[in-house]
Amino acid sequence: MARTWLQIRVDLEGGGGIECEPPPGRIFIVGPGHSFAQLAEAIDASFGRWDLSHLHVFELPDKRQVGFADVDDPGVLSHDELKVATELKPGEAFTYVFDLGDDWRHRCRVLADKLDPTDEYGPGPLPNRPVPIWGWGWIPDQYGRESAEELDLEG
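In what follows, the accompanying structure is described.

Rules used throughout
Residues numbered from 1 in each chain as written. Predicted model: local features only at pLDDT ≥ 70, side-chain atom pairs only at ≥ 80, totals over all residues. Heavy atoms only, no water. Core = buried A, V, L, I, M, F, W, Y, C linked by side-chain atoms within 4.5 Å. Buried < 20%, exposed > 50% of the residue type's maximum accessible area, 1.4 Å probe, protein only. Helix = DSSP H or I, 4+ residues; strand = E, 2+ residues; numbered from the N terminus. Pairing = 2+ DSSP bridges. Salt bridge = Lys/Arg side-chain N within 4 Å of Asp/Glu carboxyl O. Contact = heavy atoms within 4.5 Å.

A word on the nonpolar core. Core analysis: the largest hydrophobic core is formed by 25 residues, its most contacted members being Ile 8, Phe 36, Leu 39, Ile 43, Phe 58, Val 84 and Phe 94. Sorting the residues of this core by element identifies strand E1 (6-15), strand E3 (25-30), helix H1 (36-46), strand E7 (93-98) and strand E8 (104-110) as the ones contributing at least two each. Sort the elements by how many residues they give to this core and H1 lands first, with 5 residues.

So, on to the pairing of E3. Burial analysis of E3 places 6 of its 6 residues in the buried class, the great majority of the element. Relative to E3, E1 is paired through 6 bridges, and the arrangement is antiparallel. Across the sheet, residue Leu 6 finds its bridge partner in E3, namely Val 30. Two strands pair when backbone bridges link them, and E3 and strand E9 (residues 131-136) are joined in this way by 5 bridges, in the antiparallel orientation. Directly across from Phe 28, in E9, lies its bridge partner Pro 132.

Enumeration according to the criterion identifies 9 salt bridges in this entry. Ionic pairing is found between Arg 129 and Glu 41, a salt bridge with its closest N-O pair at 2.4 Å. Of this pair, Arg 129 sits in the loop between helix H3 (117-121) and E9 while Glu 41 sits in helix H1; the two residues are 88 residues apart in sequence, bridging distant segments of the chain. Classification of Glu 41 as partly exposed rests on a relative accessible area of 45%. Here the salt bridges do not stand alone but share partners, grouping Arg 9, Asp 11, Glu 13 and Arg 107 into one network.

Once that is clear, we can look at the environment of Cys 108. Within the secondary structure, Cys 108 is located in strand E8. Considering only alpha carbons, one finds Cys 108 and Glu 146, 38 residues apart in sequence, at a separation of 26 Å. Ignoring anything within four residues of it in the chain, the contact list for Cys 108 reads Ile 8, Arg 9, Val 10, Glu 92, Ala 93, Phe 94, Thr 95 and Tyr 96.

Glycine aside, residues mostly have negative phi, and peptide bonds are mostly found in the trans state. Between Glu 21 and the following residue, Pro 22, the backbone shows a cis peptide bond with an omega angle of 0°. In this fold, Pro 22 is placed in the loop between strand E2 (18-19) and E3. In this model, Lys 63 sits at a positive phi of 75°, which is unusual for a non-glycine residue. Here Lys 63 is to be found in the loop between strand E4 (56-59) and strand E5 (65-67). One non-glycine residue, Asp 99, lies in positive phi territory at about 65°. You can see Asp 99 is positioned in the loop between E7 and E8.

Now the structure itself:
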């Protein structure tokens, strides 16, 4: 198979009053047909987001914003329609923000080398969405909790 998939490094800078130093990160592989909505889902899952009722937005190098399409805000392009590999090139940096209230900020960069997904993911069926292939660091809770006792499961 050809080296057609992008590698995207995502570092979590912080949010919800938490600054991540050093920032935890993940490397994702992203195929030619994968959308920004699929990349958002992969990032959210990889950084332990479980309350997914929040808005998110990508800001591309040319300042275009990609997220939930909104007829009241035509400046935000549809994350379901735009393909990551069509809009971004190796070496480009962009941002992803999850939860526009708590502002979980992610610094993203398309790595220089494209790859053959079977080399990194294996010979089976290719993933139908972006997947992480490498990761590091401590992931803070989405709401800043540090123990199970703070969950109030008895409530």
